[in-house]
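Topology and contacts: notes
If you want the building blocks of each chain, they are given just below.
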Amino acid sequence: MQIFSRWKQEWNAAWEHIQEQIYNLSSEGKKTWHGLGYLFEQARATNGLRFNFGNARLIEDNQAIAPQPRLVMSETVFRELLYYMRRFRGEGQVMGFIDVHKDNAFIVSELVIPPHTAGPASADLDQDKFPFWLESLVESGKDVTKLRMQGHSHGDIASYFSAEDIDTIREEYACDWMVSVVGNRLGIFHARLDIYRPIPISISLPMFVENLTTYAEPNEILAWSSKLEDTQTGELIETVELSHKGRNNGKF
Ligand SMILES: [Zn+2]
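Heads up: these notes are all about the structure in this document. (Residues numbered from 1 in each chain as written. Predicted model: local features only at pLDDT ≥ 70, side-chain atom pairs only at ≥ 80, totals over all residues.)

1. Let's talk about the overall build of the chain
Looking only at helices and strands, the chain features five helices and 13 strands. Within the span of the chain, comprising 252 residues, buried residues form 21% of the whole. (Helix = DSSP H or I, 4+ residues; strand = E, 2+ residues; numbered from the N terminus. Buried ≥ 20, exposed ≤ 12 C-beta atoms within 10 Å, placed from the backbone.)

In structure tokens:
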């Protein structure tokens, strides 16, 4: 078989070159394996002897075993989330119940405000009240195993996961997966899915809102406002606007 013998020849030549490189490496110590690049075109030496073949990325569409994960909210849930983000003067917290659909849609069904103290650059859960708060959710018939969205606001500053946020995500959730959302008063959101077990992995999540409008009914404002003021301690903005258009001129 000619092809095989030719391949063998090429491989032998390549192998000799590799051995030469190894020899150079051991004799000179400092040489890296950049010379192997001709063999593996897609490889890059990222750190001395360490070769990098490609990058991690989410495999999409029919190449994947499941559709891409995404965070989905009804427009009502989204407007409620935006309302809270607009009313927190500094940081503030909001949690959400999530239903996971078979097609990997992470659907936020309901928002709740955990007991916390909000400051200009921090929002700390009230550790004493939190277990009782969870209990009261159970008593009212909620499935707290679905309480998988942890959201917080950055108030008037940029919306991004800070080093402190990432430390919290890395160390403080006692569950196998969690969705984190960060937003600000401008209504800029970022979401991520962190899976702790069986394999630790972090994925940036796109957020979808169905049939988005930006107004609020007076009864909605009343309900959201009392939810917020029941459990949150900290400075709130009295009146906020959701947008400049809409049925009630966006006034909350
Ligand atoms: Zn943050």
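From this point, the narrative continues.
2. Describing the nonpolar core
Counting 27 residues, the largest nonpolar core has Leu71, Leu81, Tyr84, Ile98, Met149, Val179 and Val181 as its most contacted members. For this core, the secondary structure elements donating two or more residues are β3 (70-74), α2 (75-87), β4 (92-100), β5 (105-112) and β9 (177-183). For this core, the leading source of residues is α2, giving six residues. When residues no more than four places from it in sequence are discounted, the contact partners of valine 179 are Leu71, Ile98, Phe106, Arg148, Met149, Ala191, Leu193 and Leu205. (Core = buried A, V, L, I, M, F, W, Y, C linked by C-beta atoms within 7 Å. Contact = placed C-beta atoms within 7 Å.)

3. Focus: the pairing of strand β10 (residues 190-195)
Across six bridges, β9 lies against β10 in antiparallel orientation. Opposite tryptophan 177, over in β10, you have isoleucine 195 as the bridge partner. Counted along the chain from β9 to the antiparallel partner β10, the turn is six residues long, and its residue glycine 187 has a positive phi close to 85°. Two elements, β10 and strand β11 (residues 201-205), share five bridges in a ladder whose sense is antiparallel. Each bridged residue has a counterpart across the sheet, and for arginine 192 the counterpart in β11 is serine 204. (Pairing = 2+ DSSP bridges.)

4. Quick notes on the sheet that holds β4
Across the sheet, eight strands lie side by side as β11-β10-β9-β8-β4-β5-β3-β12; this open sheet has mixed pairing. Of all strands in the sheet, those with a lone pairing partner are β11 and β12 (207-210), marking the two edges. For this sheet, the mean inter-axis angle between neighbouring strands, taken without regard to orientation, is 30°. Strand direction decides the pairing type here: β3 and β12, joined by four bridges, are parallel. What sits directly across from serine 74, in β12, is glutamate 210. Of the strands in this sheet, β3, β4, β5, β8 (147-153), β9 and β12 are in contact with α2, which crosses β3 at around 95°. (Axes fitted to C-alpha atoms, helices over the stretch in contact; angles between N-to-C directions.)

5. Let's talk about the environment of isoleucine 237
Position of isoleucine 237 relative to the elements: it lies in the segment after β13 (232-234). Residues isoleucine 237 and tyrosine 84, 153 residues apart in the sequence, show an inter-C-alpha distance of 9.8 Å. Sequence-distant contacts of isoleucine 237, that is, excluding residues within four places in its chain, are made with Arg86, Arg87 and Arg89.

6. With respect to the pairing of β9
With respect to burial, β9 is a largely interior element, five of its seven residues being buried. Two strands pair when backbone bridges link them, and β8 and β9 are joined in this way by five bridges, in the parallel orientation. Bridge pairing links glycine 151 to valine 181 in β9. Taken together, β8, helix α4 (residues 163-171) and β9 form a β-α-β motif whose crossover is right-handed. (Right-handed = clockwise from strand over helix to strand, strands pointing away.)

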